[in-house]
Amino acid sequence: MSKSYPGDVPVHALRSVDLDIKQGDYIAIEGPSGSGKSTLLNQITLLDIPTTGSYQIRGTDMAGRSDNFRAEVRSAQFAFIFQSFHLLAGRTVLENVALGSLYRGLRMSQREDAAVEALQFVGLGEKLDKRTENLSGGERQRVAIARAIASGTPVIVADEPTGNLDTVSGRQVMETLERLNEGGSTLVVVTHDKEVAARAKRRLWVQDGKVTEVDVGSAASQLPPQKLQTSPMTRGRDSRIRFIDAILDAWRGMWAFPRKTVALIMAVALGVGLGLTTLGLSQTARFQVSDLFDAQRNQRVALSSPELEPGTFVDAEATAEVSLQRLRDLRGVESAQVYVMHDEKPVTSRPGVSLELVRGSPIVGVVGGELFAAGVDTGSGDGQSEAQSTQMDSELSRLVAVGSGDVVLGSQLASSLEIGPLLASPTVWVDGHPRRVVGILTDSGLQVGLLEALITSEEDAAQISRPSYANAEVRVLPGAAKQVAEQGPLAWIPSAPELVTVDAPPDPSTMREVIETNMGTMLAVLTGVALLAAVLSLTNAMTTAVLQRTGEFGLRRAIGARRIHIRSLVLTEALFIGAAGGLLGAYLSLLVILAVTIVQSWQPVISPLAIPTGVLGGILVGLLGGLIATGRAARIEPHDALRV
Ligand code: ADP
Ligand code: MG
């Protein structure tokens with residue numbers, strides 16, 4: 001077979017290699033650095049595919065085989081030992097060794113029994129629970145050998161196993177490997193150590209991709225190949241993993257680096273928490289808005305007449321009592337009032353004042369001689385005085401009869417006139433005509449202009465001043481505003497309803513809907529942004545983590561994991577992180593919502609679904625955030641990942 005690596009200058013790493021390895025062989029591979037030794041091992045162990053040529057294992061051709069098939073064969077046939085150990089950091093010695101048979105579909109207890117046995121074989125029976133970072137190089141390599149033993153495969157392949165070790169540890173490692181060969185395992189070792197190579201039964205020399213067999217005389221090669229001895233306990237099925245083991249493996253993998261995992265969980269928790277908080281607050285706040293809206297539902301319809309020309313139909317209708325009565329008779333009308341605005345006239349508190357020097361005041365006539373107002377001081381002290389109110393409900397609730405010759409002064413006008421106490425029935429002069437003040441308007445509700453005006457009955461006003469236009473102020477029952485706004489103009493001024501300007505609140509139900517929809521959309525966007533941020537940060541962090549674990553995934557693939565196994569592993573971790581983050585985020589959001597509602601003294605609206613929603617959201621975030629990392633991990637090629 002041959003192997004070339006494509007590139008600008010293709011590397012012919014192996015040139016027409018012809019090799020036959022028998023069971024029980026002990027082969028040493030020597031050669032200068034970069035000559036193709038590792039490439040040869042990758043070919044032997046199916047970690048890589050030859051460019052040309054054929055390769056048979058136990059009579060089965062390996063050419064054109066699927067990825068999964070090759071994973072199966074690797075799982076069944078080969079165990080690996082590397083110069084840089086490739087142990088899983090953050091995991092115990094026992095876990096690392098049990099990993100050797102993880103992809104053989106064996107029960108955990110079987111795998112651990114085999115691992116303990118293997119560790120005793122390599123002399124590490126006392127260090128089962130140590131983390132591999134705390135071991136010496138020699139000990140680590142013996143853990144790797146134990147992992148190879150525990151995998152129960154007939155062939156052990158070691159790529160410069162003593163390269164990182166001192167002489168004594170190196171010798172120990174080689175002795176252990178040779179004992180395995182004596183037990184029947186096939187041993188293929190790449191080494192720079194002449195002493196080591198000299199003990200092998202066969203020696204291969206690799207140079208510039210060419211492999212030659214070094215003659216080692218007859219002694220070693222005459223040893224009959226031994227029967228394969230793998231204990232039935234560790235046979236299992238090839239390239240399979242038990243579901244529970246996969247879950248447990250992911251769980252342990254997560255906690256190998258607790259700080260990193262906690263950071264990932266926090267990232268998800270923040271995103272989900274933020275999302276749930278905006279969602280929860282939106283429900284709470286929506287409730288508030290609706291409530292507010294219902295409390296202040298607008299029950300006022302204001303109609304304005306066009307400019308009034310005396311003697312016209314419009315003038316007559318706008319100022320007539322029958323028109324006012326028609327408005328009051330409309331369905332849904334609680335009360336109605338027509339104010340007629342007249343040209344300004346001078347108002348004085350003393351007679352005989354030169355009127356040219358007095359600024360005019362607005363004159364308002366109330367049709368029917370009845371004034372409805374929120375607050376009128378009549379000076380009678382009967383409880384109607386200072387009838388102040390801030391609530392809409394009692395607006396226009398005070399009725400004052402304004403008889404012939406009576407006026408009510410707007411509070412601003414009254415104070416500028418400096419009139420005496422109401423009990424003394426003060427008089428004012430309107431354009432020289434005396435009038436009795438029967439009340440002072442202190443609160444005109446929405447008709448703010450009235451506070452500067454002099455209010456009389458419309459009959460009186462018409463005699464003093466020319467009308468300019470009229471306003472009809474209608475108070476309606478809840479929900480009737482729309483209808484009254486439609487029917488009001490015709491009822492009030494039948495000859496020219498189209499000239500009436502209507503100021504009605506938007507339909508409460510539509511308005512409420514609009515507000516709710518707007519808020520809902522806004523908060524949905526906020527929630528989406530929060531979740532997107534969580535997904536992106538998780539994607540980023542998980543992809544980085546996967547790249548840092550390239551060696552681990554390479555090793556897993558080498559010992560028989562299929563791509564799908566790697567995919568599941570990373571995805572399971574992401575789901576765990578997502579679920580944990582979601583749960584945490586849900587609790588965080590509940591706390592925040594509670595805090596906000598307490599501060600705002602709102603009624604908290606907390607859904608019992610918050611927690612499951614949080615977990616589900618977290619899982620979704622985990623799924624999406626882990627997707628890219630999962631793909632990355634699954635694409636890792638073992639021969640690339642394990643080169644270091
Ligand atoms: P050795 O193990 O004997 O030191 P290798 O088998 O690792 O040598 O490499 C043989 C040659 O192939 C070297 O020139 C190396 O740079 C090249 N090579 C190995 N792996 C790759 C690869 N994945 N892509 C491109 N070139 C590679
Ligand atoms: Mg090498």
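This text gives an overview of the structure that appears in the document. Every chain's residues receive numbers from 1 upward, in the order its sequence appears when written. Starting at A for chains and at 1 for ligands, labels are handed out in the order in which the entities are written. In keeping with the model being predicted, local features are shown solely for residues with a pLDDT of at least 70 and side-chain atom pairs are shown and tallied solely at 80 or more, while totals for entire chains, interfaces and linings include all residues. Here the side-chain values reflect all heavy atoms present in the structure, with hydrogen atoms and water set aside.

This paragraph deals with the environment of R643. For the purposes of this entry, the term helix denotes a DSSP run of H or I that reaches at least four residues, the term strand denotes a run of E that reaches at least two, and both are numbered from the N terminus. Position of R643 relative to the elements: it lies in the segment after α19 (638-641). Taking the relative accessible area as the measure of exposure, R643 reaches 69% and is therefore exposed. Relative accessible area decides the class of each residue, using a 1.4 Å probe on protein chains only: under 20% of the type maximum gives buried, over 50% gives exposed, and in between gives partly exposed.

Each salt bridge in this description consists of a side-chain nitrogen of Lys or Arg and a carboxyl oxygen of Asp or Glu lying within 4 Å of one another. Per the stated rule, a full pass over the model turns up 29 salt bridges. Between R556 and D249 there is a salt bridge, with its nearest N and O atoms 2.6 Å apart. Of this pair, R556 sits in helix α16 (residues 550-558) while D249 is found in helix α8 (residues 243-256), placing the two residues 307 residues apart along the sequence. Exposure class is identical for R556 and D249. Each is buried. Connected via shared salt-bridge partners are R91, E95, D249, R252, R549, E552, R556 and E573.

Here we come to a nonpolar patch on the surface. Patches here: salt-bridge-free residues with over 30% relative accessible area, like charges joined within 9 Å, nonpolar side chains (Val, Leu, Ile, Met, Phe, Trp, Tyr) joined within 5 Å. In short, Shrake-Rupley with a 1.4 Å probe defines the accessible areas, and a residue's cover is counted only from the protein chains shown. The grouping of W251, W255, V262, M266, L584, L588 and L591 at the surface amounts to a nonpolar patch, some 600 Å² of accessible area in total. Its place among the elements puts M266 in helix α9 (residues 258-295). Assessed through its relative accessible area of 36%, M266 is described here as partly exposed.

Pairing of aromatic rings covers Phe, Tyr and the six-membered ring of Trp, with a centre-to-centre limit of 6.5 Å; geometry is then stacked below 30 degrees between planes, edge-to-face above 60, and tilted otherwise. All told, the structure shown has three aromatic pairs when counted by the stated rule. Between F80 and F82 the ring centres are 6.0 Å apart and the planes differ by 5°, which places this aromatic pair in the stacked class. As far as burial versus exposure is concerned, F80 and F82 are alike and both buried. An angle of 75° between the planes, with centres 5.1 Å apart, marks the rings of W251 and F576 as edge-to-face. With W251 in helix α8 and F576 in helix α17 (residues 563-599), this residue pair connects regions lying 325 residues apart in the sequence. Given the relative accessible area of 41%, W251 is considered partly exposed.

Let us now look at the packing of α17 against helix α18 (residues 610-635). As a rule, the C-alpha atoms of each element are fitted with a line to give its axis, helices using only the stretch in contact, and angles between N-to-C directions run from 0 to 180 degrees. α18 packs onto α17 with a crossing angle of 150° between their chain directions and a minimal axis gap of 6 Å. In terms of axis orientation, α17 runs roughly antiparallel to α18. As α17 packs across α18, the resulting crossing turns out to be right-handed. For the contact of α17 with α18, the per-class residue count stands at 18 nonpolar, eight polar and three charged. These descriptions rest on fixed angle ranges, namely under 35 degrees for roughly parallel, over 145 for roughly antiparallel, 65 to 115 for roughly perpendicular, and the rest for oblique. In a left-handed crossing the near helix is turned counterclockwise from the far helix by less than a right angle, and in a right-handed crossing that turn is clockwise. Gly is placed with the polar residues, together with every amino acid not listed as nonpolar (Ala, Val, Leu, Ile, Met, Phe, Trp, Tyr, Cys and Pro) or charged (Asp, Glu, Lys and Arg).

So, about the site of ligand 1. Proximity is defined per residue: if any heavy atom of the residue lies within 4 Å of a molecule or strand, that residue is considered near it. Taken together, 13 residues form the shell around ligand 1, and within it G34, G36, K37, S38 and T39 come nearest. Side-chain atoms alone can form a polar contact between residues adjacent in sequence; in general such a contact is a pair of N or O atoms within 3.5 Å, and within protein one must be able to donate a hydrogen while the other accepts it. In the environment of ligand 1, a nitrogen atom lies 3.4 Å from a nitrogen or oxygen atom belonging to the side chain of Y5. In the model, an oxygen atom of ligand 1 is placed 2.5 Å from a nitrogen or oxygen of the T39 side chain. Burial of ligand 1 by the protein chains amounts to 72% of its free accessible area of 560 Å². Listed by contribution, the elements that provide at least two residues to the shell around ligand 1 are β2 (11-14) and α1 (37-44). A per-element tally of the shell around ligand 1 places α1 first, with three residues. When its residues are assigned to classes, the shell around ligand 1 shows four nonpolar, six polar and three charged.

This part covers the pairing of strand β12 (residues 333-348). Every regular strand shows the same layout, with side chains that alternate between the two sheet faces. Of all 16 residues that make up β12, twelve are buried, and the element is covered over most of its length. As judged from the nine bridges shared by β12 and strand β21 (residues 467-476), these two strands associate in the antiparallel manner. Note on β21: the bridge partner recorded for S335 is R475. Two strands pair if DSSP finds at least two bridges between them. Note that β12 and strand β13 (residues 360-366) share six bridges and pair antiparallel. Bridge pairing in β13 places P346 opposite G360. In this structure, β12 lies alongside strand β18 (residues 427-430), joined through two bridges in antiparallel fashion. In the sheet register, T348 faces β18, and the bridge partner there is W429.

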